[in-house]
Amino acid sequence: MERTLIAVKSDGVQRGLIGEIIKRFEHRGFKLIGLKMVKPTEDLAKHHYIDLKDKPFYAGLCKFTSAGPFVAMCWEGQNIVKMGRDMMGETNPADSKPGTIRGDLCVQVGRNIIHGSDSLETAKKEVALWFKPEELIEWKSCAEVYTY
Ligand code: RTP
């Protein structure tokens, strides 16, 4: 089963949107198997955004991210990487359609409230970066649990 890293960034936390974001993924039918609030070190933030190291906003983005809090989540489900990205909307909220998380809940690219892994390969790396294996809990939904 596919897994991905979804995170509520500090602006999302400050705006009280943790529950709203979790709700959207739960209601869609995905399974939350890892959840923690962290104040990342600057090194961890730099590592997380390493692919953007040549962008002019890299330093500011890492500083902003490391200020925390950052709610890291591992979600599991069929096609979760692509569907999670579709649910988020575009990087720039101005380009995001209504109905998406960024299209409904934010305005500025530098305050776009949510992070989501952008490919299966990235998802594997990011889940391993933010979670120890023992922090991921496998469980069955009531639809999967049989009674006698
Ligand atoms: P994320 O990694 O946070 O899920 O976002 P993303 O894939 O949609 O976008 P990415 O290109 O990876 O950019 C990472 C984050 O950097 C900030 N950003 N600022 N022009 C700018 O000032 C600018 N462009 C990107 C955003 O917070 C974006 O989510």
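Quantities reported herein were computed from a predicted structural model and do not represent experimental measurements.

## Topic: helix α4 (residues 58–67)
- Those residues of α4 that fall on the buried side of the exposure criterion are Tyr58, Leu61, Cys62, Phe64, Thr65 and Ser66.
- Buried residues along α4 sit in contact with α1 (10–14), α3 (42–48) and β3 (70–76).
- Count one or two residues on from α4 and you reach Gly68, which has phi positive near 60°.

## Concerning helix α2 (residues 18–28)
- Those residues of α2 that sit buried are Ile21, Ile22, Arg24 and Phe25. Considered in projection along α2, the buried side chains sweep an arc of 155° and stay on one side of the axis.
- Residues of α2 that are buried sit in contact with β1 (3–8), β2 (31–38), β3, α5 (80–88), α6 (101–105) and β4 (114–116).
- Positive backbone phi, at 115°, marks Gly29, one or two positions downstream of α2.

## Side note on the UniProt feature "active site" (unreviewed entry) in the chain
- Per the UniProt annotation, the sites labelled "active site" (unreviewed entry) are His115.
- Looking at where His115 falls in the secondary structure, it is placed in strand β4.
- On the accessibility criterion, His115 (10% relative accessible area) is buried.
- Setting aside chain neighbours within four positions, we find His115 in contact with Leu5, Ile6, Ala7, Lys9, His48, Tyr49, Met88 and Glu126.

## A look at the pattern of salt bridges
- The tally for this structure, following the rule as stated, stands at nine salt bridges.
- Between Arg3 and Glu138 there is a salt bridge; the shortest N-O distance is 3.3 Å. With Arg3 in strand β1 and Glu138 in the segment after α7 (120–130), this residue pair connects regions lying 135 residues apart in the sequence.
- For Glu138, a relative accessible area of 67% puts it in the exposed group.
- The partner of Glu20 in a salt bridge is Lys23, with the nearest N and O atoms 3.5 Å apart. Here Glu20 pairs with Lys23, and both are found in helix α2, just three residues apart, close to one helical turn.
- With relative accessibility at 23%, the residue Glu20 sits in the partly exposed group.
- Lys23 sits in the partly exposed class, given a relative accessible area of 36%.
- Three or more residues joined by partner-sharing salt bridges are found here, namely Glu20, Lys23, Arg24 and Asp104.

## Focus on unusual backbone geometry
- Look at the link from Gly68 to Pro69: it is a cis peptide, with omega at -10°.
- Relative to the assigned elements, Pro69 resides in the loop between α4 and β3.
- Phi angles above zero are rare outside glycine, and Asn79 is one such case at about 60°.
- For Ile113, which is not glycine, the phi dihedral falls at a positive 60°.

## Points about the pairing of β1
- Counting buried residues in β1 gives five out of six residues, a clear majority hidden from the surface.
- For β1 and β3, the ladder comprises six bridges, and the chain directions are antiparallel. Among the inter-strand pairings, Ile6 is bridged to a residue of β3, identified as Met73.
- Two strands pair when backbone bridges link them, and β1 and β4 are joined in this way by three bridges, in the antiparallel orientation. Bridge pairing in β4 links Ile6 to Gly116.

The rules behind these values
- Residues numbered from 1 in each chain as written.
- Predicted model: local features only at pLDDT ≥ 70, side-chain atom pairs only at ≥ 80, totals over all residues.
- Heavy atoms only, no water.
- Buried < 20%, exposed > 50% of the residue type's maximum accessible area, 1.4 Å probe, protein only.
- Helix = DSSP H or I, 4+ residues; strand = E, 2+ residues; numbered from the N terminus.
- Contact = heavy atoms within 4.5 Å.
- Arc of directions from axis to C-beta.
- UniProt positions renumbered as here; feature names shortened; annotations may be inferred.
- Salt bridge = Lys/Arg side-chain N within 4 Å of Asp/Glu carboxyl O.
- Pairing = 2+ DSSP bridges.

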